[in-house]
Amino acid sequence: MCERAARELQGFPGLRVTVEHDDLDYLIPRTVLNFTDAWTGLSRNEVSDAMGEGRPRIRLYDIFDPWELAIDPLNLTDEELDIVIFRLRKVLGSS
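Quick notes on the rules
- Starting from 1, residues in each chain are numbered consecutively following that chain's sequence as written.
- Local features are withheld for residues below a pLDDT of 70 in this predicted model, meaning they are given only at 70 or higher, and side-chain atom pairs are given and counted only at 80 or more; totals for whole chains, interfaces and linings count all residues.
- In computing side-chain values, all of the structure's heavy atoms are included and hydrogens and water are not.
- The aromatic pairing rule takes the rings of Phe, Tyr and Trp, using the six-membered ring of Trp, and pairs them if the centres are within 6.5 Å, calling planes under 30 degrees apart stacked, those over 60 edge-to-face and the rest tilted.
- Lysine and arginine charges are scored as sitting over a ring when NZ or CZ, respectively, is within 6 Å of the ring centre and within 35 degrees of the ring normal.
- Nonpolar cores are built from buried Ala, Val, Leu, Ile, Met, Phe, Trp, Tyr and Cys residues. Side-chain atoms within 4.5 Å join them into one set.
- Only protein chains enter the accessibility calculation, which uses a 1.4 Å probe; a residue is then buried when its area is under 20% of its type maximum, exposed when over 50%, and partly exposed in between.
- The secondary structure listing takes helices from DSSP runs of H or I that are at least 4 residues long and strands from runs of E that are at least 2 residues long, numbered from the N terminus.
- Throughout, a contact is declared for two residues whenever any of their heavy atoms are within 4.5 Å.
- We define a polar contact as two N or O atoms separated by no more than 3.5 Å, with the added condition that, inside protein, one atom must be a possible hydrogen donor and the other a possible acceptor, whereas residues neighbouring each other in sequence contribute only through side-chain atom pairs.
- When DSSP finds two or more bridges between a pair of strands, those strands are recorded as paired.
- The convention used is that axes are lines fitted to C-alpha atoms, helices contributing only their stretch in contact, and that angles between N-to-C directions extend from 0 to 180 degrees.

**Q** Which parts of the structure should I look at to understand the packing of aromatic side chains?
**A** A ring pair, where both rings are aromatic, is described by two values, the distance of the centres and the angle of the planes. Applying the stated criterion to the full structure yields one aromatic pair. For the pair F35 and W39, a centre-to-centre distance of 5.5 Å together with 75° between the ring planes defines the contact as edge-to-face. Note that R30 overlies the ring of Y61, its terminal NZ or CZ placed 4.2 Å from the centroid.

**Q** It is not clear to me how the nonpolar core should be interpreted in this structure. Could you clarify?
**A** L9, L15, F35, V47, I71, L88 and L92 are the most contacted members of the largest nonpolar core, which totals 21 residues. Sorting the residues of this core by element identifies α1 (2-9), β1 (15-21), β2 (29-35), α2 (44-53), β3 (68-71) and α3 (78-92) as the ones contributing at least two each. Those residues in contact with L92, other than ones at most four positions away along the chain, are L9, F12, L15, F35, W39 and V47.

**Q** Help me out: how do you make sense of the side chain of R30 in this one?
**A** Note on placement: R30 falls in strand β2. Polar side-chain contacts of R30 include one of 3.4 Å to the side chain of D72.

**Q** When you look at the sheet that holds β3 in this model, what are you seeing that I'm missing?
**A** Strand pairing in a sheet is mediated by backbone hydrogen bonds. Such pairs are either parallel or antiparallel. Reading across from one edge, β1-β2-β3 is the order of the three strands in this open sheet, with antiparallel pairing throughout. Each having just a single partner strand, β1 and β3 make up the two edges of the open sheet. Across the sheet, the mean angle from the axis of one strand to that of its neighbour is 30°, orientation sign disregarded. Two elements, β2 and β3, share four bridges in a ladder whose sense is antiparallel. Opposite V32, over in β3, you have A70 as the bridge partner. Across the sheet, α3 is in contact with β1, β2 and β3; its angle to β3 comes to roughly 155°.

In structure tokens, the structure reads:
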């Protein structure tokens with residue numbers, strides 16, 4: 001799931017997308033969105049807020065880095081992941 005999300009979210013200039021294992025919970029990978037200095041779109045917090053305000057509400061994993069958000073696939077179905085990816089692509093491309 002993480003690899004698919006990373007593949008489908010590639011291509012936004014200034015956004016680096018990787019699959020990483022959390023230092024605290026290494027068994028569960030996450031798709032990490034890193035908003036680099038070259039990113040000119042919405043801020044990390046604006047992206048997070050936009051995802052939380054839509055229907056359904058989607059909360060992204062805040063990994064204590066002011067430049068990163070992540071998709072945690074632990075409780076997602078394939079269909080729900082499709083919704084997360086679709087909404088993220090829409091929000092990331094809206095600026």
